[in-house]
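Listed below, chain by chain, are the residues.
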Amino acid sequence: AFTILTLERGVALVNLIALYSFYVQMPGLILSDGITPADKLMKRVRSRFFKPKTRIWNRPSQLIKAVYRFPCLFWISSSDSFILSVSQLGMISAILGITGMFPAITSFISMICYLSLKLVGQPWLGLQMHATVIETNFAFLIGQLLLPWNPFVLVFIFRFLSWRVMLGCGAVKYGTGDRSWRDGTAMHQHYYTQPLPNGFTHIFHYQPSIFKTLSVWATHIIEIPMSFLAFGGAYCRLIAFISFVGLNGMINVSGNYGFLGLMTSVHALSLLDSAVWSIVEPLLSYRWQFYLIQDYYPIGFWTHVITFSIAMPYFLLSLVPLRSTFHGKVPWGTELANVARKIPGISPIANSLIPFVSRMFDKFSPFDTWMWGVLEDLHAYTTPWRLINRYAKFGSMSTWRGELIIQGSDDKEHWEPYEFKYKPGDINKRPPFIPGHLPGLDWRIWFLPTPVLKRGINGLPDWYFALLQGLLEGREPVLRLFKRVPNRPPKYVRTILYEYTIP
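Let us look at the structure shown here. Being a predicted model, the structure only gives us computed values, none of them experimental. (Residues numbered from 1 in each chain as written. Predicted model: local features only at pLDDT ≥ 70, side-chain atom pairs only at ≥ 80, totals over all residues. Heavy atoms only, no water.)

1. Details of the side chain of Gln144
By the secondary structure assignment, Gln144 is in helix H7 (residues 128-146). When its relative accessible area of 10% is taken as the criterion, Gln144 is described as buried. In this structure the side chain of Gln144 is engaged in a polar contact, spanning 3.0 Å, whose partner is the side chain of Glu8. What Gln144 contacts, discounting residues up to four positions off in sequence, is Glu8, Pro103, Ala104 and Leu154. (Helix = DSSP H or I, 4+ residues; strand = E, 2+ residues; numbered from the N terminus. Buried < 20%, exposed > 50% of the residue type's maximum accessible area, 1.4 Å probe, protein only. Polar contact = N/O pair within 3.5 Å; in protein donor to acceptor, adjacent residues only side chain to side chain. Contact = heavy atoms within 4.5 Å.)

Okay, structure coming up:
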């Protein structure tokens, strides 16, 4: 069916973009002359599991334990050439997947390569969207293994993943306690305080306040109640698809979020099957009707039962990280209860029923049973592999924008700035629009101003001092991470914290 084909190609395309985006940054980030060399990290990891000068291949049981705890290909070698080869292998596999060749095998190879890079690529690959790449491939592999017997399993797994991501993002906005999501002001500062604004950001920032307030409530509606439309009929799923893609389109047009929008849209493609395409059948040519409106072959009841039973552990374990995003709170629960208490004729019933329901839920909560404890233990075993993750994006919103400006000098009097490629620096230059690309250094710098403001130099991580050391030494791979640098390595470098505002 067309949905299966688009999912196969879409997952491979996400893999290719994610791998290539990091590939072009690796020399300055994790290779031997980079900020956080992967080889040094692997030496520290080896020292945790093996004594010095121990041949790891002579200790198979210890090696299995080490690989389980730190699952990556760089146990074989952590040289620059091998790291580059792993990335190239992942990209070649993704290209083959885009052509439709061996989708399960190519997805597995790309997943292992990306997982390996993620583990040695901290903190550059430490965002939630990087973990989502791995889980997307894992979910795809489960569906591909069952595809010959029941194609609907692959489609349903991605619907479930799309629902989980949306619901998790909606729930965390209440669980964090950020009042801006409750009072409708979250978007009033978001556009200019987000990590990497682009050339379109100012358009959204200058929209009327009512537009920003409505954007907040539209986000709540799409991410929480409308996420359940993913399990509805054809019309419900069409509405959900348009809503999910529209929301991600707004997010990724107003800011630079790499491949996040594409990946979320690939998940949403599972909502479009033959039943949905048949709604727009009158608008399609005969050729497109042939490709888009094809039902799956008849599948027996027991085939459904057996195949979904095989996939059931994934669905159940996925509930563990989803529950953690709620922080014990039900989104809109308090608000709905307060509204019910104020409605004449319903308030007496609400005042007696709400405490009763709350007590019953506390007494018979499924999260206090031994079965839930088993699920939590099983999920903990998958944690090193990042197969099933927690999704809670944009839970807390920034209300100010700080920028760290790095400068170099030879005499401590005349200072020249190091200009980043993508993050704001020169106030006279418009930020670039970089769809698909996720610059690790520029993104990570965005997290630093707040801790620096609170704790001074103690708020800076170790990798930041390694970055400054690379600038003092004039290491070429590190310098290539910047758009403009001084003509020669300076004797001194300094960092100044500025507050940026927009009229």
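Right, picking up where we left off after that structure.
2. With respect to empty space enclosed by the protein
All chains considered together, the criterion is met by six cavities of 30 Å³ or more. The calculated volume of the largest cavity comes to roughly 120 Å³. If you trace the largest cavity, you find it lined by Val165, Met166, Cys169, Lys173, Glu223, Leu247, Asn248, Ile251, Leu260, Thr264, Lys393 and Phe394. Of all the secondary-structure elements, those providing two or more residues to the lining of the largest cavity are helix H8 (152-175), helix H13 (234-254) and helix H14 (260-268). In terms of residues, the lining of the largest cavity owes the most to one element, H8, which gives four residues. Its residues assigned to classes, the lining of the largest cavity comprises seven nonpolar, two polar and three charged. Forming the walls of the second largest cavity are Glu8, Val11, Ala12, Asn15, Ser93, Ala94, Gly97, Pro103, Thr106, Ser107, Ser110 and Phe140. For the lining of the second largest cavity, the secondary structure elements donating two or more residues are helix H1 (2-23), helix H5 (80-98) and helix H6 (103-120). Broken down by class, the residue content of the lining of the second largest cavity amounts to five nonpolar, six polar and one charged. (1 Å grid on protein atoms, 1.4 Å probe; cavity = no way out; pocket = protein on both sides within 12 Å on 5 of 7 lines; lining within 4 Å. Points joined across faces, edges and corners; volume = space filled by probe spheres on them. Nonpolar A, V, L, I, M, F, W, Y, C, P; charged D, E, K, R; others polar.)

3. Overview of the sheet that holds strand S1 (residues 401-409)
Spatially, three strands are ordered S2-S1-S5 in an open sheet, and the strand pairing comes out antiparallel. In the strand order of this sheet, the two ends are held by strand S2 (416-417) and strand S5 (492-500), each with one partner. Across two bridges, S1 lies against S2 in antiparallel orientation. Looking at S2, one finds that Gly408 is bridged to Glu416. (Pairing = 2+ DSSP bridges.)

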